[in-house]
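Structural overview
Each chain is listed here by its residues.
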Amino acid sequence: MKAFTYERVKTPAEAATSAQKKTGAKFIAGGTNLLDLMKLEIETPTHLIDVNGLALDKIEPTPDGGLRIGALVRNTDLAADARVRRDYAVLSRALLAGASGQLRNQATTAGNLLQRTRCPYFYDTHQPCNKRLPGSGCAALNGFSRQHAVVGGSESCIATHPSDMAVAMRLLDAVIETVDPNGFERKIPVADFWPAPGNTPHQETVLNAGELITAVTLPAPLGGTHIYRKVRDRASYAFALVSVAAVVQKDGSGRVALGGVAHKPWRLEEADAQLTNGSQSVYERLFASAHPTPENEFKLLLAKRTLASVLTEARG
Amino acid sequence: MSNPNTGAHNNNAGRQDTNPIEYYSFRLTRRSLLKAGAASAAVAIAPRHAFGASDATATPAPEMANVTLKINGETRQLEVDTRTTLLDALRENLHLTGTKKGCDHGQCGACTVLVDGRRINACLTLAVMQDGAEVTTIEGIGTPENLHPMQAAFIKHDGYQCGYCTPGQICSSLAVLSEIEQGIPSHVTLDLVSAPQATSDEIRERMSGNICRCGAYANILAAIEDVAGGRKS
């Protein structure tokens, strides 16, 4: 691990200002992903800004009937919140399907959204990776790509976003709130948070330098049946091959978002519109632009069958 | 990592004569050879970060920081390199070697300790981030003369073979029962709005962050169920 200076900050504005002043600075909250990557020298910040002292650990109701989740709310606490369990069960389920009890106790809401891919070539500093070293190439394209994206990828990168929580956040149309070093606040729909990799896969989010996530807001509850189904190589403590988050209403309408298949939670409004026409129609819309490798082609069939299973369960 | 040799033997059990770093390079080389042909043989002698984010030769001076931790009820003050994880602070600075380093990447659970009453992976947090925190390690849970009931249950049910993962297993299992009592749901909780129960399915799921390479899982489960049953009655 490279040496770094360390500071604690008291306000979001102070954090953002400090990040702008010091080149090579990074925020640290839970640290479960950042420290892992720092040990491997994939992340090499020269300055760490510990944001754990910011009072961003509350879950509060919003005036329009939703919930505002502080950026520092730990995954365990978010999953266990009575309002989330009752009104946003798909979010509790997604959180509980991810990581381990120890990691969920440390990992934060904002950090979960910002976690890096678990592509083995991103992690292996002997291999080219356009995310880690822009322009060096992508070892996954012709490598072991069983875990990789089947849709939304590019000739530069086929990494997946590893989060379960993010899939539920996308399904629920969550909105990310940020503050930048100039004190400017903005709201970013989760749908717009992760740009397509294109030929700049190192630009993973739309956040600007020094911009700090302060909260994630959920709109008013949707009602309906909430399901999060995660298919993985082990029954627990493994990343998704495919996951399906769904909220389905009594009349069969609703929405679905998939994890493990793209650089972001994969949801298309045109696919949601097909929900009353059966899972095959939904699947066809979701994966019309699929571009799998021979090693991960199986994910398409897995996604199709998982969708069918989830929608059958949702309709009781 | 600040000291790559520390505790790394667990990754290498059965290969005690092998330097862990050489072993790692060997594995990479072998895989690269299989993947890309003989050209990749150069990887073995290439710089460690051929495609890394940083220049391996530029090593800035360590940054030091003062940290106060309340470890097992005792206040301890340390001066540490900011890079020091809580795990390394416990083992290397405070010589509390009950907490084990397995993978050092949050994957195995051997380093599980309780911080302010919650279980975390001590390898994935910095000591400086825990300034002022209350930390409970296996040394604070019981002693050979005065075993905690969970420790006694692990012995009674033979919940280990080599014992390396056991301190983490015991810290984790105490937290698991506490989390169930607090009503925190898990992946296998059927009804999210009711209080979870300490069933075997719940315990198995909640213990999935603690790996036992000897495979003593059935006996670990029996030990935890024994304590959970005792608590309920």
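This write-up is about the structure you can find in this document.

Scoring rules and cut-offs
- Residues numbered from 1 in each chain as written.
- Chains lettered and ligands numbered in written order.
- Predicted model: local features only at pLDDT ≥ 70, side-chain atom pairs only at ≥ 80, totals over all residues.
- Heavy atoms only, no water.
- Helix = DSSP H or I, 4+ residues; strand = E, 2+ residues; numbered from the N terminus.
- Rg over C-alpha atoms; globule rule 2.2 N^0.38 Å.
- Contact = heavy atoms within 4.5 Å.
- Areas by Shrake-Rupley, 256 points an atom, 1.4 Å probe, with all protein chains shown as cover.
- Lys, Arg positive; Asp, Glu negative; His and termini not counted.
- Charge placed at Lys NZ, Arg CZ, Asp CG, Glu CD.
- Phe/Tyr/Trp six-rings, centres within 6.5 Å; stacked < 30°, edge-to-face > 60°.
- Buried < 20%, exposed > 50% of the residue type's maximum accessible area, 1.4 Å probe, protein only.
- Buried area = accessible area lost by both parts, 1.4 Å probe.
- Salt bridge = Lys/Arg side-chain N within 4 Å of Asp/Glu carboxyl O.
- Polar contact = N/O pair within 3.5 Å; in protein donor to acceptor, adjacent residues only side chain to side chain.
- Pairing = 2+ DSSP bridges.
- Axes fitted to C-alpha atoms, helices over the stretch in contact; angles between N-to-C directions.

**Quick notes on the overall build of chain A**
- Scanning chain A from terminus to terminus reveals 12 helices and 11 strands.
- A compact globule built from 316 residues should have a C-alpha radius of gyration of about 20 Å, and chain A, at 19 Å, falls within 12% of that.
- Considered along the principal axes of its C-alpha atoms, chain A spans approximately 55 × 50 × 35 Å.
- Within chain A, counting contacts between residues at least 6 apart in sequence, those at least 24 apart form 61% of the total.
- Entry remark: accessible area of chain A is about 11900 Å², with carbon and sulfur atoms responsible for 51%.
- Placing the 36 positive and 31 negative side-chain charges of chain A at their respective mean positions leaves the two points 4 Å apart.

**A few points about the packing of aromatic side chains**
Residue and element names in this part refer to chain A.
- This structure, assessed with the given rule, holds 3 aromatic pairs over all chains.
- When the ring of Phe 193 is compared with that of Trp 194, the centres are 5.1 Å apart and the planes differ by 85 degrees; the resulting orientation is edge-to-face. Each member of the pair, Phe 193 as well as Trp 194, is classed as buried.
- With 5.3 Å between their ring centres and 40 degrees between their planes, Tyr 283 and Phe 287 make a pair best called tilted.

**Side note on the interface of chain A and chain B**
- Tallying the contact residues gives 55 residues for chain A and 58 residues for chain B.
- For the pair chain A and chain B, the two sides together bury roughly 4800 Å², of which 53% comes from carbon and sulfur.
- Among the residues of chain A in contact with chain B, Lys39(A), Gln102(A) and His126(A) are the three that bury the most area, contributing 16% of the side total.
- Linking chain A with chain B are 3 salt bridges.
- In this assembly, chain A and chain B are joined by 24 residue pairs in polar contact (both at pLDDT 80 or more).

**Points about the pattern of salt bridges**
Residues and elements named next belong to chain A.
- Counting across every chain of the model gives 29 salt bridges over all chains.
- Close ionic contact of Lys 2 with Glu 41 constitutes a salt bridge, the shortest N to O distance being 4.0 Å. Here the residue Lys 2 occupies a position in the segment before strand S1 (5-8), and Glu 41 occupies one in the loop between helix H2 (34-39) and strand S3 (47-50), the gap between them amounting to 39 residues.
- Taking the shortest distance from any N to any O, the salt bridge between Arg 83 and Asp 81 comes out at 3.0 Å.
- In this structure Asp 81 comes out as buried when scored by relative accessible area, which is 13%.
- Residues participating in the shared-partner salt-bridge network are Arg 170, Asp 173, Arg 255, Arg 267, Glu 269 and Asp 272.

**Points about the sheet that holds S3(A)**
All names here are of chain A.
- A sheet is described by the order of its strands in space; here 3 strands give the open sequence S1-S3-S2, paired in parallel fashion. Because the sheet does not close on itself, it has two edges, and the strands there are S1 and strand S2 (25-28). When the angles between neighbouring strand axes are averaged without regard to direction, this sheet yields 25 degrees.
- Bridging between S1 and S3 involves 4 bridges; their strand directions are parallel. When the sheet's bridge partners are listed, Arg 8 is paired in S3 with Asp 50.

**A short note on the side chain of Thr137(B)**
All names here are of chain B.
- Topologically, Thr 137 is positioned in the loop between strand S5 (134-136) and helix H3 (138-141).
- Exposure remark for Thr 137: the relative accessible area of 0% places this residue in the buried category.
- Setting aside anything within four residues of it in sequence, one finds Thr 137 in contact with Ile 71, Asn 72, Leu 90, Thr 99, Val 113 and Cys 171.

**Section: the environment of Ser163(A)**
All names here are of chain A.
- With respect to the element layout, Ser 163 can be found in the loop between helix H8 (120-123) and helix H9 (165-171).
- For the pair formed by Ser 163 and Gly 260, sequence separation is 97 residues and the distance between their alpha carbons is 8.3 Å.
- The contact partners of Ser 163, leaving out residues within four places of it in the chain, are Asn 112 and Gln 115.
- At a separation of 2.5 Å, a polar atom in the side chain of Ser 163 contacts the side chain of Asn 112.
- A distance of 3.1 Å separates the side chain of Ser 163 from the backbone nitrogen of Met 165, its partner in a polar contact.

**What to know about the side chain of Arg232(A)**
- Its place among the elements puts Arg232(A) in the loop between strand S9 (225-231) and strand S10 (242-248).
- Of the side chains with opposite charge, Glu205(B) comes closest to the buried, unpaired Arg232(A), at an N-O distance of 5.1 Å.
- Within polar-contact distance, the side chain of Arg232(A) engages the backbone oxygen of Ala235(A) at 3.1 Å.
- Among all residues touching Arg232(A), those that are not within four sequence positions of it are Ala97(A), Tyr237(A), Ala238(A), Phe239(A), Ala240(A), Leu241(A) and His187(B).

**As for the pairing of strand S4 (residues 118-121) of chain B**
Residue and element names in this part refer to chain B.
- The pairing of strand S3 (residues 112-115) with S4 spans 4 bridges and is antiparallel. Each bridged residue has a counterpart across the sheet, and for Val 115 the counterpart in S4 is Arg 118.
- Counting the residues that bridge the hairpin from S3 to S4 gives 2 residues, and of these Asp 116 lies at a positive phi of roughly 50 degrees.

These figures come from the coordinates and say nothing about function on their own.
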